[in-house]
Amino acid sequence: MTKPTISQTNDEAVRTGLSVSAIKQAILDNLYYLQARFPKVASLNDYYLALAYTVRDRLLYRWIQTAQTYLAKGSRTVCYLSAEFLLGPQLGNNLINMGIYDEVKMAVKELELDLLKQEKEPGLGNGGLKLDLDCLLEQEKKTGLGNGGLGRLAACYMDSLSTLQVPAIGYGIRYEFGIFNQDIHSGWQMEITDKWLRLGNPWEIPRPEIAFDVNFGGQTERFIDSKGRYQVRWIPSHVVKGIAYDTPILGYQVNTANFLRLWKAEACESFDFQSFNVGDYYGAVDQKVVSENITKVLYPNDEPLTGKQLRLQQQYFFVSCSLQDMIRIYLQREHSLAGFHQKYAVQLNDTHPSIAVAELMRLLVDEHQMDWEQAWEITEQTFGYTNHTLLPEALEKWPVSLFSQILPRHLEIIYEINQRFLNIVRKRYPGDENKVRSLSLIDESGERYVRMANLACVGSHVINGVAALHSKLLTQDLLKDFYDLWPEKFNNKTNGITPRRFLVLSNPGLTQLITNRIGDSWIKNLDELRQLEEAVDDPAFCHEWRRAKYEAKVSLSAQIKARTGIVVDPESLFDVQAKRIHLYKRQHLNALHIISIYLKLKKNPQIEMAPRTFIFGGKAAPGYFMAKLIIKLINSIADVVNTDPATKEKLRVVFFPNFNVKNGQRIYPSADLSEQISTAGKEASGTGNMKFALNGALTIGTLDGANVEILEEVGAENFFLFGLTAEEVSKKKQEGYSPYEQYQSNPELREVLDSIRSGLFSPDNPGLFNPLVDSLLSHDEYMLLADYPSYVECQRKVSEAYLDKERWTRMSILNVARMGKFSSDRAIREYCQEIWNVQPVVID
Ligand code: 26V
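In this text the structure is predicted, and so the values were computed from the model without any measurement. (Residues numbered from 1 in each chain as written. Predicted model: local features only at pLDDT ≥ 70, side-chain atom pairs only at ≥ 80, totals over all residues. Heavy atoms only, no water.)

Trainee: So what about the overall build of the protein chain? Which residues, and what values?
Mentor: Within the protein chain one finds 33 helices and 22 strands. Considered along the principal axes of its C-alpha atoms, the protein chain spans approximately 90 × 80 × 55 Å. In the protein chain, which comprises 844 residues, the proportion classed as buried is 63%. When the 94 positive and 103 negative side-chain charges of the protein chain are each reduced to one mean point, those points stand 1 Å apart. (Helix = DSSP H or I, 4+ residues; strand = E, 2+ residues; numbered from the N terminus. Buried < 20%, exposed > 50% of the residue type's maximum accessible area, 1.4 Å probe, protein only. Lys, Arg positive; Asp, Glu negative; His and termini not counted. Charge placed at Lys NZ, Arg CZ, Asp CG, Glu CD.)

Here it is as structure tokens:
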């Protein structure tokens, strides 16, 4: 038998061939041997799984080649540690990256034709099953192991690492329940558990032989070992086993398949047996349940952590498994751990994995008997830390009391790191105890806390923010004292998104148009989109562009009708805000603008305006009352304006439920206007802003996060800018900002707020939205009222621009043409060169 090769010389090999006939035969084989089904009785889900396994076989082949090459070369490897990876559906993306989308579409079509032939024959059947690739793609349960931007960024970076052929492992947690699904009942958000594993997950490979014990609780003991060395022993109160589950991540048009290794918690067998032997059978079962709880559920990342000790256990659990795994792999080739930092570049995705600093010290010092100084040198050289927020309340800190209960040995190590670190600080700033207090790893201002960001800063040799403005503000504010101490550690890495998922896969219409014009190498080198600039003067191209946008809008309109019952006009301006619901993101500023239009239209139904459809999407953290009230407000406004005969021709409001990666892929292509309206200085970067712009939406936004750089790239004439700058925001706050003055001095704004308070949108409960209105009038932390006039004025300019179809199309094309910078390939190239010092390894 000839062995199939990845260079595809053996196209007909059923397990790895890429021809239509090989794929078709493989689907049938998998249906039979894996699903135990034959075509006439198979369900759509059977076909989906058979196809997924067909693709997986082809992935595995590349993955094994990749692993063998890395092992042989001992390649330096990036380890991306992240509590979240928001992969979204895998099938479509894998087809694109493998370059077999059209072949699979064809193979599925042929299978359908075969089925139709069989239908004519008597006997059992699956009732004229409609079989096409789109239906099969719909079947997939998405992997929702993240909250939003931070987790999706990790997934985009995995795609780019593979595409750039950089050896990498993503390490994280295999949550049994990912991000909840959102339903809307009477305008309120309801959370539904995400049972994504119920029908099996064809993309993961369990690795029961790759398992590590993770200790919790108990106490520590000091002793002198046989070589006369002073040692510490940790005697835990319980031990949990972590099992590896791997998901291959294939790059675009390359043979590199890296992988994501997610850890699942299980009870430690020895522990079970111990209880069993002393007769405590139910105790042993209890223990099993407790252990497995660790990887049960994903926590919201935007809710305070009070009382969430399971979250600390999750963080330590996955970090410990990952570091133990890196050491295991390392010791397959080397004898001493002295070169650990030469083999690995480990990136901490926010502070969630920052306990890794103490854990690597523990593993090197306690488990591998390295001396402290050498272990510290290795640790510092190993880690890089990415900060993802400027909100001080979002910085993770854990009560010392909780820490000492769960991780007693780590607390000792952190104290030791702190003591040595503060010695340096005291030498540098003699007598400055304020500096010491602010830099210390322990917050001692009240109840004592371990500050995870400080631990990450001290234990890493590089610290980066995720957009130019964010990185600058980090050095001036949140991490200023660290910057003053170590300016050379700080740099910026502006976020990026993968064009494969967020344009090629999600927007085939625009992709085809672009490729017809400039060829397809832009998919790997997004800067090539610049060539589209010339096309703005080509009326035929502009016409096609409008058509592609229109078709995407028609398709979303059908989705909206199906999901909400609301009929929208695809000719209207689609004005979209889709992201987590948060006060600082100011969905309620958008709502105030809608109300202002509504009130104007009520007074004068004839006013000239571009008809608009306002579309919102986004989840609120389950415990975030104000965010949930904003969802209710949006739905209540929708109820009124969508049914009022005076306005319903010009104004529609839609809350699209359950915004996630999959729905995002439907929404981004159809947006005309992208709302990026956070208070300046609050949004670290944003990545939705990039996804919308890459799909030809124009941005209305503040000078916040990566908006600043988007504006720089696309030009001020192609961007709707409004609002205070970050500097103006903090100045205004210092001077004593009075929202009430804004309210009193602006009759239009007053009318809008009064209408909410009067119960116009909640006639059965007029006081329903008082908490929102009151907070705006009393302190307005996010400066909505200050930015309101410039926002409304800017929106007027948007309407004017949209009425001029040619002008709008030009701006839309130029936006796409100038988005090259925001590819995650660019971001990853910068990380590789400036932080990780890793080189590509070609897999042939
Ligand atoms: C956490 C918390 C915790 C306490 C209450 C308020 C709050 C608000 C936000 C967060 C999330 C912090 C981490 C995070 O998800 N950051 C996001 O990372 C994205 C990727 O870099 C970036 O585009 C977003 O701007 C940033 O919010």
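Trainee: Tell me about unusual backbone geometry, and name the residues and values.
Mentor: Although it is not a glycine, Q165 sits at a positive phi angle of roughly 60°. Summarising the element assignment, Q165 is placed in the loop between helix 6 (149–163) and strand 2 (168–173). Positive phi outside glycine occurs at R586, with the angle close to 60°. Tracing the sequence through the fold places R586 in the loop between strand 17 (573–578) and helix 22 (587–603). On the basis of relative accessible area, R586 is assigned to the buried category, the value being 0%.

Trainee: Just give me the short version of the sheet that holds strand 5 (residues 205–216), but keep the residues and values in it.
Mentor: With mixed pairing, nine strands are arranged side by side in an open sheet as 5-8-9-2-1-10-11-15-16. Every interior strand has two partners, whereas the edge strands, strand 5 and strand 16 (490–492), have only one. Adjacent strand axes in the sheet meet at a mean angle of 25° when their direction is disregarded. The strands that helix 2 (residues 44–73) touches are strand 5, strand 8 (238–250) and strand 9 (257–267); relative to strand 9, the one it contacts most, it runs at about 95°. Of the strands in this sheet, strand 10 (344–349), strand 11 (383–386) and strand 15 (462–465) are in contact with helix 16 (residues 452–459), which crosses strand 11 at around 140°. (Pairing = 2+ DSSP bridges. Axes fitted to C-alpha atoms, helices over the stretch in contact; angles between N-to-C directions. Contact = heavy atoms within 4.5 Å.)

Trainee: Account for the nonpolar core, with residues named and values stated.
Mentor: With 223 residues, the main nonpolar core has Y47, L81, F317, F403, F720 and W836 as its most contacted residues. Looking at this core element by element, the count peaks at twelve residues for helix 2. Those residues in contact with F317 that sit more than four places away from it in its chain are V214, F216, V240, K241, G242, W263, K264, A265, I294 and T295. Formed by 56 residues, the second largest nonpolar core is a distinct cluster that contains L503, F574, V576 and L711. (Core = buried A, V, L, I, M, F, W, Y, C linked by side-chain atoms within 4.5 Å.)

Trainee: Tell me about the site of the ligand, and name the residues and values.
Mentor: Around the ligand, 21 residues are found, and the nearest of them are N301, H388, N495, E683 and G686. Separating an oxygen atom of the ligand from a side-chain N or O atom of N495 is a distance of 2.9 Å. Note that an oxygen atom of the ligand is positioned 3.0 Å from one of the backbone N or O atoms of S685. Here the shell around the ligand is composed, by residue class, of seven nonpolar, nine polar and five charged. (Near = heavy atom within 4 Å. Polar contact = N/O pair within 3.5 Å; in protein donor to acceptor, adjacent residues only side chain to side chain. Nonpolar A, V, L, I, M, F, W, Y, C, P; charged D, E, K, R; others polar.)

Trainee: I'd like to hear about the packing of helix 22 against helix 29 (residues 747–757), residue by residue, with values.
Mentor: Between two packed helices, both the angle of their axes relative to each other and the distance between the axes serve to describe the pair. It is the contact of helix 22 with helix 29, at a shortest axis distance of 9 Å, that shows an interaxial angle of 100°. Taken as axis vectors, helix 22 and helix 29 run roughly perpendicular relative to one another. Here helix 22 contributes L592, I595, S596, L599, K600 and K603 to the contact with helix 29, which in turn contributes E748, E751, V752, L753, S755 and I756. (Parallel < 35°, antiparallel > 145°, perpendicular 65-115°, else oblique.)

Trainee: Requested: an account of the pairing of strand 3 (residues 181–185), with residues and values cited.
Mentor: Strand direction decides the pairing type here: strand 3 and strand 4 (residues 188–192), joined by five bridges, are antiparallel. Each bridged residue has a counterpart across the sheet, and for I184 the counterpart in strand 4 is Q189. Where strand 3 folds back on strand 4, the antiparallel hairpin that results is connected by two residues, among which S186 adopts a positive phi of roughly 50°.

Trainee: Lay out helix 1 (residues 20–33) in plain terms, naming residues and giving numbers.
Mentor: Here helix 1 spans 20 Å end to end across 14 residues, near enough to the 20 Å set by a 1.5 Å rise per residue. Looking at the packing, one finds that the buried side of helix 1 touches helix 2 and helix 4 (101–119). (Expected span 1.5 Å × (residues − 1).)

Trainee: Requested: an account of helix 2, with residues and values cited.
Mentor: With 30 residues, helix 2 extends 43 Å between its outermost C-alpha atoms, agreeing within 8% with the 44 Å of an ideal straight helix rising 1.5 Å per residue. Among the 30 residues in helix 2, 24 count as buried, and that is most of the element. A positive backbone phi angle near 55° is found at G74, which sits one or two residues after helix 2.

Trainee: Any chance you could break down the pattern of salt bridges for me, citing the residues and the numbers?
Mentor: Inspection of the entire model under this criterion finds 58 salt bridges. With a shortest N-O distance of 3.5 Å, E444 and R448 are connected by a salt bridge. Looking at E444, the relative accessible area reads 54%, which means it is exposed. Classification of R448 by relative accessible area gives partly exposed; the value is 35%. (Salt bridge = Lys/Arg side-chain N within 4 Å of Asp/Glu carboxyl O.)

Trainee: So what about the sheet that holds strand 21 (residues 698–701)? Which residues, and what values?
Mentor: Within the open sheet, the six strands sit side by side as 19-18-17-20-21-22. Their pairing is parallel. At either end of the open sheet lies a strand with only one pairing partner, and these are strand 19 (651–655) and strand 22 (720–721). The sheet contacts of helix 22 involve strand 17, strand 18 (612–617), strand 19 and strand 20 (673–676), and relative to strand 18 the element is tilted by about 155°.

Trainee: Outline the side chain of D672, supporting the account with residue identities and numerical values.
Mentor: Relative to the helices and strands, D672 is located in the loop between helix 24 (661–667) and strand 20. Overall, D672 belongs to the buried group, its relative accessible area being 5%. Within the structure, D672 has its side chain in polar contact with the backbone nitrogen of F574 (distance 2.8 Å).

Trainee: Which residues make up the side chain of N695, and what values go with them?
Mentor: On the secondary structure map, N695 appears in the loop between helix 25 (688–694) and strand 21. Judged by its relative accessible area of 0%, N695 is buried.

Trainee: Help me get a handle on the packing of aromatic side chains, residues and values and all.
Mentor: Using the criterion set out here, one finds 24 aromatic pairs in the structure. With 5.5 Å between their ring centres and 45° between their planes, W63 and F259 make a pair best called tilted. Within this pair, whereas W63 is found in helix 2, its partner F259 is found in strand 9, the two being separated by 196 residues in sequence. Judged by its relative accessible area of 13%, F259 is buried. (Phe/Tyr/Trp six-rings, centres within 6.5 Å; stacked < 30°, edge-to-face > 60°.)

Trainee: Talk me through the environment of S738; I want residue IDs and the actual numbers.
Mentor: Following the sequence through the fold, S738 ends up in the loop between helix 27 (726–735) and helix 28 (739–745). C-alpha of S738 to C-alpha of F655: the two residues are 83 residues apart in sequence and 32 Å apart in space.

Trainee: Lay out a nonpolar patch on the surface with the relevant residues and their values.
Mentor: On the surface, Y281, Y282, V285 and V289 cluster together into a nonpolar patch covering about 420 Å² of accessible area. With respect to the helices and strands, the residue Y281 is situated in helix 8 (residues 281–293). (Patch = residues over 30% accessible without salt bridge, like charges linked within 9 Å, V, L, I, M, F, W, Y side chains within 5 Å. Areas by Shrake-Rupley, 256 points an atom, 1.4 Å probe, with all protein chains shown as cover.)

Trainee: Explain the confidence of the model for the protein chain to me, using residue names and the numbers behind them.
Mentor: The share of residues in the protein chain with pLDDT of 70 or more is 96%, and the mean pLDDT across the chain is 94. Under a pLDDT of 50 for its full length, residues 1–9 has, in the predicted model, 16 contacts with residues more than four places off or in other chains. (pLDDT = per-residue confidence, 0-100.)

Trainee: Which residues make up the environment of S438, and what are the values?
Mentor: Mapped onto the secondary structure, S438 falls in helix 15 (residues 433–439). With residues up to four places along the chain from it excluded, the contact list for S438 reads R451, N454 and D481. At 2.4 Å, the side chain of S438 and the side chain of D481 are in polar contact.

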